[in-house]
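Structural overview
Here is what each chain is made of, one letter per residue.
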Amino acid sequence: MTEQKVRIKIKSFDHRLVDQAVKQIIDAVERTGAIVVGPVPLPTDIEKFCVIRSSNIDKDSREQFEIRTHKRLVDVLQPSSKTIDALSQLDLASGVEIDIKL
């Protein structure tokens with residue numbers, strides 16, 4: 001018999017928001033009696049952009065920007081219907097993307 005598992009991926013540009021969201025998810029899941037595995041920190045995606053400061057004279061002068069995407073992975077083992085309801089009713093901060101796979 002296969003064991004049911006819910007996989008939750010959390011992404012955000014701010015690592016503090018990711019950690020707060022993970023804490024809220026773990027608290028909600030543990031109240032329902034399910035087993036939590038994680039959070040597992042995934043590698044941070046770094047997107048770098050190089051922009052010319054002035055298009056006319058100073059073409060050698062450039063500005064660099066980067067966007068860091070922080071990610072965490074949480075697995076919920078033996079979820080019940082209460083667990084799914086608790087996850088769907090969570091009120092998380094804006095700027096946090098959550099992907100739930102059953």
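Residues numbered from 1 in each chain as written. Predicted model: local features only at pLDDT ≥ 70, side-chain atom pairs only at ≥ 80, totals over all residues. Heavy atoms only, no water.

A short note on the overall build of the protein chain
- On a plain count of helices and strands, the protein chain comes out with two helices and four strands.
- Going from the N terminus to the C terminus, the protein chain shows its helices and strands as β-α-β-β-α-β.
- Taking 2.2 N^0.38 as the reference for a compact globule, 102 residues should give roughly 13 Å; the C-alpha atoms of the protein chain span a radius of gyration of 19 Å, well beyond that estimate.
- Structurally, the protein chain occupies a C-alpha span of about 65 × 30 × 15 Å along its principal axes.
- Residues classed as buried in the protein chain amount to 25% of the 102 residues present.
- Taking contacts inside the protein chain between residues at least 6 apart in sequence as the whole, the part at least 24 apart equals 74%.
- Surface summary for the protein chain: the accessible area is close to 7500 Å², and the carbon and sulfur share equals 49%.
- Counting 16 positive and 16 negative side-chain charges, the protein chain places the centres of these two groups 3 Å from one another. (Helix = DSSP H or I, 4+ residues; strand = E, 2+ residues; numbered from the N terminus. Rg over C-alpha atoms; globule rule 2.2 N^0.38 Å. Buried < 20%, exposed > 50% of the residue type's maximum accessible area, 1.4 Å probe, protein only. Contact = heavy atoms within 4.5 Å. Areas by Shrake-Rupley, 256 points an atom, 1.4 Å probe, with all protein chains shown as cover. Lys, Arg positive; Asp, Glu negative; His and termini not counted. Charge placed at Lys NZ, Arg CZ, Asp CG, Glu CD.)

Points about the pattern of salt bridges
- Scanning all chains against the criterion turns up six salt bridges.
- For Arg 16, the salt bridge identified is with Asp 14, shortest N-O distance 3.4 Å.
- Of the residues examined, Arg 16 reaches a relative accessible area of 55% and is grouped as exposed.
- For Asp 45, the salt bridge is made with Lys 71, and the minimal N-O distance between the two is 3.3 Å. Of this pair, Asp 45 sits in strand E2 (residues 35–52) while Lys 71 sits in strand E3 (residues 62–77), and the two are 26 residues apart along the sequence.
- Classification of Lys 71 by relative accessible area gives buried; the value is 16%. (Salt bridge = Lys/Arg side-chain N within 4 Å of Asp/Glu carboxyl O.)

On their own, these measurements won't tell you what the molecule is for.
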